[in-house]
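Fold and geometry: a report
Residue-level listing of the chains:
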Amino acid sequence: MYMKCGSIKDGSRIFKNMMERDYVSWNAIIVGFAQNGYGEEALEIFRKMLACGEKPDHVTMIGVLCACSHASLVEEGRLYFSSMTKNHSLILEKDHYYYMVDLLGQAGCLNEARNLIETMPMNPNAVVWGSLLAACKVHGEIEMGKHAAEKLLEIEPRNSGPYVLLSNMYAEVGRWGDIVRVRKVMRQQGVIKQLGCSWIEVQKKVNVFLAKDKRHPHKNQIYSVLKMLTKQMKLARYISNANDFEVYDEQRKSELRSWIMDGCYCRVI
């Protein structure tokens, strides 16, 4: 509970004071560290788990691969990924492939990531293709990004994200004709670009904000503060990146990780 809420110190204290530990407690601490961005700490706990003679399961390895992704430990990730079948007799699942593809994509190993996807024993889902797509955007690999987007749209034809990403990738290299083609396909398919969305809970009430939202009851105060912040950013010579997909990409990855990790916690607890 503490780790899931981001209270790392409290969660670590409870774990250290436990008289007995089973795979459930080991998994909770490993996944908790990994989910909160403490990759090195998660891997250190994993090594202690093995030293204690406790056998990892598929949830453990999700936490381990997530930790490698957060810490950009490519070689370690490859080693742990292969050890699942070789050393621990575990069956690789889609979640494990996602984190491995995410790790390889971050490191720029795009061909390896694509080959891994294409050799999966099960059909890759939107999570996996979306990870490769995001990596192609970061590293400017347009043709592979186009392939990943096409695969993603086969699974989620109404998802506007891949269209927006391709459009932005084309814009970066001046391929304006391709941008027109992408937008035309969007219109023909009836796909509408998703609005950016954020929310915050204040005094037990959830406040939701959409891009260019004019319906919020406190919109005047909100835009006043936003105007002030924009002015301060300009004074600090901050230059924004007008890439539409950057927000989508981070939101998408956050949602995917939360979805996977929430599933892990359900299985841990």
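Residues numbered from 1 in each chain as written. Predicted model: local features only at pLDDT ≥ 70, side-chain atom pairs only at ≥ 80, totals over all residues. Heavy atoms only, no water.

1. Here's the deal with a nonpolar patch on the surface
Rule in force here: Note on patches: the residues involved have over 30% relative accessible area and no salt bridge, like charges join within 9 Å, and the nonpolar side chains Val, Leu, Ile, Met, Phe, Trp and Tyr join within 5 Å. Here the open area of atoms and residues is found with the Shrake-Rupley method and a 1.4 Å probe, where only the protein chains shown may cover a residue. Any Lys or Arg side-chain nitrogen located within 4 Å of an Asp or Glu carboxyl oxygen qualifies as a salt bridge. Each helix is a run of H or I in the DSSP string that is no shorter than four residues. Each strand is a run of E no shorter than two, and both are numbered from the N terminus. Three labels apply to residues, based on accessible area from a 1.4 Å probe with only protein chains included: buried if under 20% of the type maximum, exposed if over 50%, partly exposed otherwise in between.
The grouping of Val 225, Met 228, Leu 229 and Met 233 at the surface amounts to a nonpolar patch, some 330 Å² of accessible area in total. When you line up the elements, Val 225 lands in helix H12 (residues 219–235). Residue Val 225 is classed as partly exposed on the basis of its relative accessible area, which comes to 42%.

2. A look at the state of the cysteines
The following threshold applies: Counting rule for disulfides: a pair of cysteine sulfur atoms within 2.5 Å.
The full count for this structure, using the stated rule, is 0 disulfides. Just so you know, Cys 68 is unpaired, no disulfide at all, and the nearest cysteine sulfur is the one on Cys 66, 9.2 Å from it.

3. Thoughts on the packing of helix H5 (residues 74–86) against helix H6 (residues 94–106)
Worth spelling out the cut-off: Axis angles are defined between N-to-C directions and span 0 to 180 degrees, where every axis is a line fitted to C-alpha atoms and, for a helix, only to the segment in contact. In what follows, roughly perpendicular refers to angles from 65 to 115 degrees, roughly parallel to angles under 35, roughly antiparallel to angles over 145, and oblique to any angle outside these ranges. Definitions for this section: a left-handed crossing has its near helix turned counterclockwise from the far helix by less than a right angle. A right-handed crossing has that turn clockwise. The criterion used for residue contact is that any of the two residues' heavy atoms lie within 4.5 Å. Residue type decides the class: Asp, Glu, Lys and Arg count as charged, Ala, Val, Leu, Ile, Met, Phe, Trp, Tyr, Cys and Pro as nonpolar, and the leftover types, Gly among them, as polar.
Contact geometry of H5 with H6 gives a least axis separation of 10 Å together with a crossing angle of 160°. Comparing the axis directions of H5 and H6 gives the class roughly antiparallel. In terms of crossing hand, the pair formed by H5 and H6 is left-handed. Here H5 contributes Val 74, Gly 77, Arg 78, Phe 81 and Met 84 to the contact with H6, which in turn contributes His 96, Tyr 97, Met 100, Leu 103 and Leu 104. The class makeup of the residues in the contact of H5 with H6 is 7 nonpolar, 2 polar and 1 charged.

4. What about the pairing of strand S1 (residues 197–202)?
Our working definition: DSSP-based pairing: two strands are paired if at least 2 bridges between them are found.
For S1 and strand S2 (residues 205–210), the ladder comprises 6 bridges, and the chain directions are antiparallel. Looking across to S2, one finds that Cys 197 is bridged to Leu 210. Linking S1 back to S2 in an antiparallel pair, the connection comprises 2 residues, with Gln 203 at a positive phi of about 55°.

5. Here we look at the packing of aromatic side chains
Rule in force here: Side-chain rings of Phe, Tyr and Trp, where Trp is taken by its six-membered ring, are said to pair if the distance between their centres is within 6.5 Å; with planes under 30 degrees apart they count as stacked, over 60 as edge-to-face, and otherwise as tilted. Here, a charge over a ring means that NZ of Lys or CZ of Arg falls within 6 Å of the ring centre while also lying within 35 degrees of the ring normal.
One pass over the full model with this rule turns up 3 aromatic pairs. Geometrically, the ring pair formed by Phe 46 and Tyr 80 is edge-to-face, given 5.5 Å between the ring centres and 85° between the ring planes. Here Phe 46, found in helix H3 (residues 39–51), pairs with Tyr 80, found in helix H5; they are 34 residues apart in sequence, far enough to count as distant. The pair formed by Phe 46 and Tyr 80 is uniform in burial state, with each residue classed as buried. Geometry around Trp 26 places Arg 21 over its ring, the cationic atom sitting 5.6 Å from the centre.

6. Quick notes on the packing of helix H8 (residues 126–139) against helix H9 (residues 142–155)
Here H8 crosses H9 at 155°, and the two axes come no closer than 9 Å. For the element pair H8 / H9, the angle class is roughly antiparallel. The element H8 and its partner H9 pack so that their crossing is left-handed. In contact with Ala 126, Trp 129, Gly 130, Leu 132, Leu 133 and Cys 136 of H8, H9 contributes Met 144, Gly 145, His 147, Ala 148, Ala 149, Lys 151, Leu 152 and Ile 155. Across the contact of H8 with H9, the residue classes tally to 10 nonpolar, 3 polar and 1 charged.

7. Structural notes on the nonpolar core
Heads up, the condition is: The term nonpolar core refers to a set of buried residues drawn from Ala, Val, Leu, Ile, Met, Phe, Trp, Tyr and Cys, joined through side-chain atoms within 4.5 Å.
Formed by 62 residues in total, the largest nonpolar core has its most connected members in Ile 30, Tyr 80 and Leu 132. Here this core gets 8 residues from one element, more than from any other, and that element is H8. Residues contacting Ile 30, with those up to four places away along its chain left out, are Ala 42, Ile 45, Phe 46, Met 49, Thr 60, Gly 63 and Val 64.

8. Things to note about unusual backbone geometry
Glycine aside, residues mostly have negative phi angles, and peptide bonds mostly take the trans form. Phi at Ser 72 is positive, roughly 55°, even though this residue is not glycine. Structurally, the position occupied by Ser 72 is in the loop between helix H4 (58–71) and H5. Looking at Ser 72, the relative accessible area reads 49%, which means it is partly exposed. We note that Gln 203 has phi near 55°; this positive angle belongs to a residue other than glycine. Along the polypeptide, Gln 203 turns up in the loop between S1 and S2.

9. Considerations on the pattern of salt bridges
Taken as a whole, this structure holds 8 salt bridges when the rule is applied. In this structure, Glu 44 and Arg 47 form a salt bridge, with 3.2 Å as the shortest nitrogen-oxygen distance. Taken as a pair, Glu 44 and Arg 47 lie in helix H3 at a separation of 3 residues, close to a single helical turn. When its relative accessible area of 35% is taken as the criterion, Glu 44 is described as partly exposed. A relative accessible area of 38% places Arg 47 in the partly exposed class.

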